Amino acid sequence: MSFARRKGVHGRGLAPRTWAIWGLPRRWVAHYVMLVTAVYFAAILAAGMAAQWRARDLLLFGALLACVAGTVEMTRRAGENSGVIKDVYGVWLLPVAMLLPPVCALLSPLFQGILTQWRIRRNPVYRRVFSAAAIGLSYGSASIAFHWVIGPHTPTAGDLDKNAAVLIGAVAACGALQWVLNNSLVLVAVKGAEPTAKIRDMLLSREPLQNDTAELCVSVLVTISVAISPLTVAFAFPFVTLLQRSFRHAQLVNDSRIDAKTGLINAGTWEREADAEVIRAQRTHSPLAVALIDIDNFKQVNDQHGHLAGDRALSAVASTIKIFLRDYDLVGRFGGEEFAVLLPQTTGQDARRIAERMRAQVAEVPIDVGDISRTETIKLTVSVGLTMLGEKPSQVTDLLAAADVALYHAKHAGKNQVWMSSDIPAAAPAARPSPPKDLFPESAAEPGSY
């Protein structure tokens, strides 16, 4: 696992105070990244001084690095996704760690990171270096553990004849150790930079576990094959290509569900998943609430600070909303500056309390819309429209319409308020009035704007 670029500033200055790493939301995360990086380079120096090289080791190291380079070129064609990345470099890095001195396991991720930075996409340097450090330390530790179990010599075909089960088990166990160490190092930084990130979704859900298990199994097979004969790397490369395409397909499917600016699910995905929740709630006679949340006066943010600042504000509000939600609640960006939230197993009283907490938190927390060279914060407010699943059968569209009317009344009453559909006076209009088409042509209207 590695850590690539997200939307934000890069900090291209040479002076240390202008480095992008200081733009992380918490200073301790920057110190943690620098500490891991320092330990990594110290480990390279120590392992390099202790290494004993043979001609066969150098040839095998070169062949596996060539495979890493080939995999980088395959990734270049498809592109590299942002955020936490799942890749297939481990298929080549595990044989390096198991069959060569530990210094090779430490150096290989650095080679891969430099090549990726050059051939695929330029990311903030500290991210590339930290990713190489986390991966390198994990593979270096796995290499030390493996050679401690089987001895300092490089495994050969003769070792397989004598102790095949022990050798295969040791490779698999050390591969699992590397997975634990790598994810632990990376996720500390991810969680520090993005407190709302859900570790379970990134690691322990079915799809990531299946991908990681598949990569580990292929890595073990390649390691054993290379131990028999280095020529087998040529036959392993096509299988790695298929594995990479499989991972890429899973990433594309997931990306099609996600709104790029906020990391929330998009409107279409929200409606599909919310529809299933509404049907389940009606079948089990369970309470359910739907909320529409709209940022007040959001157009002024774009006009005064620019659209990049508006994107940062959207992301900040989305992160604030997620703080108050449970794992099974459903939140998505519904268009423009509007968010939709579905709260299963939630009474009207509880839904109002959750919405009030969201509203108060957004109003209280300053949002950074500056860049690395200038700090500028703003404060925003949100208006919330709530509705409950009633006794009569309803569809998601009915609930959204009711929440939209409540949102309109929250806006009309002065904004920065929470209104429930049951709060609307009987004499009030039953729907939000539409603006005259000659004043606001449909082509210029922005969804969710007020």
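Residues numbered from 1 in each chain as written. Predicted model: local features only at pLDDT ≥ 70, side-chain atom pairs only at ≥ 80, totals over all residues. Heavy atoms only, no water.

Student: When you look at the pairing of strand 3 (residues 288-295) in this model, what are you seeing that I'm missing?
Tutor: Working note: regular strand, side chains alternate between the two faces of the sheet. Counting buried positions along strand 3 yields eight of eight residues, so the element is predominantly enclosed. Inspection of the sheet shows strand 3 paired to strand 5 (residues 338-344) by seven bridges, in the antiparallel sense. In the sheet register, isoleucine 293 faces strand 5, and the bridge partner there is phenylalanine 339. Pairing between strand 3 and strand 8 (residues 382-388): seven bridges, direction antiparallel. The partner of aspartate 294 across the bridge, within strand 8, is serine 383. (Buried < 20%, exposed > 50% of the residue type's maximum accessible area, 1.4 Å probe, protein only. Helix = DSSP H or I, 4+ residues; strand = E, 2+ residues; numbered from the N terminus. Pairing = 2+ DSSP bridges.)

Student: Any chance you could explain empty space enclosed by the protein here in plain terms?
Tutor: The rolling of a water-molecule-sized probe over the atoms marks out the regions of remaining empty space. With the rule as written, the count across this model stands at one cavity of 30 Å³ or more. Roughly 30 Å³ of volume is contained in the largest cavity. As for the largest cavity, its lining consists of Ala291, Ile293, Val341, Leu343, Ile354, Ala355, Met358 and Val384. For the lining of the largest cavity, the secondary-structure elements that each account for two or more residues are strand 3, strand 5 and helix 13 (348-364). For the lining of the largest cavity, the element with the highest residue contribution is helix 13, accounting for three residues. Broken down by class, the residue content of the lining of the largest cavity amounts to eight nonpolar, no polar and no charged. (1 Å grid on protein atoms, 1.4 Å probe; cavity = no way out; pocket = protein on both sides within 12 Å on 5 of 7 lines; lining within 4 Å. Points joined across faces, edges and corners; volume = space filled by probe spheres on them. Nonpolar A, V, L, I, M, F, W, Y, C, P; charged D, E, K, R; others polar.)

Student: Please clarify how the environment of alanine 260 should be interpreted in this entry.
Tutor: Counting through the fold element by element, alanine 260 comes out in the loop between helix 9 (233-255) and helix 10 (267-284). For alanine 260, a relative accessible area of 65% puts it in the exposed group. Separated by 55 residues in the primary sequence, alanine 260 and serine 315 place their C-alpha atoms 9.6 Å from one another.

Student: What am I meant to see in the pattern of salt bridges here?
Tutor: Pairing is possible between side chains that carry opposite charge, provided their charged atoms lie close to one another. Scanning all chains against the criterion turns up 12 salt bridges. Between arginine 280 and glutamate 277 there is a salt bridge, and its shortest N-O distance comes to 3.0 Å. In this pair, arginine 280 and glutamate 277 are both assigned in helix 10, three residues apart and thus about one turn of the helix distant. Judged by its relative accessible area of 22%, glutamate 277 is partly exposed. Among the ionic pairs, aspartate 423 bridges to arginine 352, the shortest N-O distance being 3.0 Å. Of the two residues, aspartate 423 sits in the segment after strand 9 (418-420) while arginine 352 sits in helix 13, which places them 71 residues apart along the sequence. Judged by relative accessible area, which is 28%, arginine 352 ranks as partly exposed. It is possible to trace a salt-bridge network through shared partners that takes in Asp294, Asp296 and Lys411. (Salt bridge = Lys/Arg side-chain N within 4 Å of Asp/Glu carboxyl O.)

Student: What is the right way to read the packing of helix 3 (residues 90-99) against helix 4 (residues 102-119) from this model?
Tutor: Packed helices, taken two at a time, are described by their axes: the angle between them and the distance between them. The N-to-C vectors of helix 3 and helix 4 enclose an angle of 155°; their axes lie 8 Å apart at closest approach. For the element pair helix 3 / helix 4, the angle class is roughly antiparallel. Between helix 3 and helix 4 lies a crossing of right-handed hand. Residues Leu93, Val96 and Ala97 of helix 3 pack against Cys104, Ala105, Ser108, Pro109 and Gln112 of helix 4. Partitioned by chemical class, the residues of the contact of helix 3 with helix 4 number six nonpolar, two polar and no charged. (Axes fitted to C-alpha atoms, helices over the stretch in contact; angles between N-to-C directions. Parallel < 35°, antiparallel > 145°, perpendicular 65-115°, else oblique. Left-handed = near helix turned anticlockwise from the far one by under 90°. Contact = heavy atoms within 4.5 Å.)

Student: Whenever I open this one, the packing of aromatic side chains confuses me. Can you help?
Tutor: Ring pairs (aromatic) are described by centroid distance and by the angle formed between their planes. Considering all chains together, one arrives at four aromatic pairs under this definition. Between tryptophan 92 and phenylalanine 237, the ring centres sit 5.9 Å apart and the planes meet at 20°, which makes this aromatic pair stacked. On the criterion of sequence distance, the pair formed by tryptophan 92 in helix 3 and phenylalanine 237 in helix 9 is long-range, its members being 145 residues apart. For arginine 119, the ring lying beneath its charged end belongs to tryptophan 118, and the centroid distance is 5.3 Å. (Phe/Tyr/Trp six-rings, centres within 6.5 Å; stacked < 30°, edge-to-face > 60°. Lys NZ or Arg CZ within 6 Å of the ring centre and 35° of its normal.)

Student: Honestly, the sheet that holds strand 3 in this entry has me stumped. Any pointers?
Tutor: Neighbouring strands of a sheet are bound in pairs by backbone hydrogen bonds; such pairs are parallel or else antiparallel. Across the sheet, five strands lie side by side as 4-5-3-8-9; this open sheet has mixed pairing. The sheet is open, and its two edges are formed by strand 4 (330-335) and strand 9, each paired on a single side. For this sheet the average axis-to-axis angle between neighbouring strands, irrespective of direction, equals 20°. Here strand 4 pairs with strand 5 via five bridges, running antiparallel. Bridge pairing links leucine 330 to leucine 342 in strand 5. This element, helix 14 (residues 396-412), spans strand 3, strand 4, strand 5, strand 8 and strand 9 of the sheet and lies at about 140° to strand 8.

Student: Is there a simple way to explain the nonpolar core in this structure?
Tutor: Generally speaking, soluble globular proteins have nonpolar side chains that are buried together. Counting residues in each nonpolar core, the largest one holds 56 residues, and the members touching the most others are Trp92, Met98, Tyr139, Phe146 and Val171. Residue assignment for this core shows that the elements contributing at least two residues are helix 1 (27-50), helix 2 (55-78), helix 3, helix 4, helix 5 (125-150), helix 6 (157-193), helix 8 (206-228) and helix 9. Here the element with the most residues in this core is helix 5; it accounts for nine residues. (Core = buried A, V, L, I, M, F, W, Y, C linked by side-chain atoms within 4.5 Å.)

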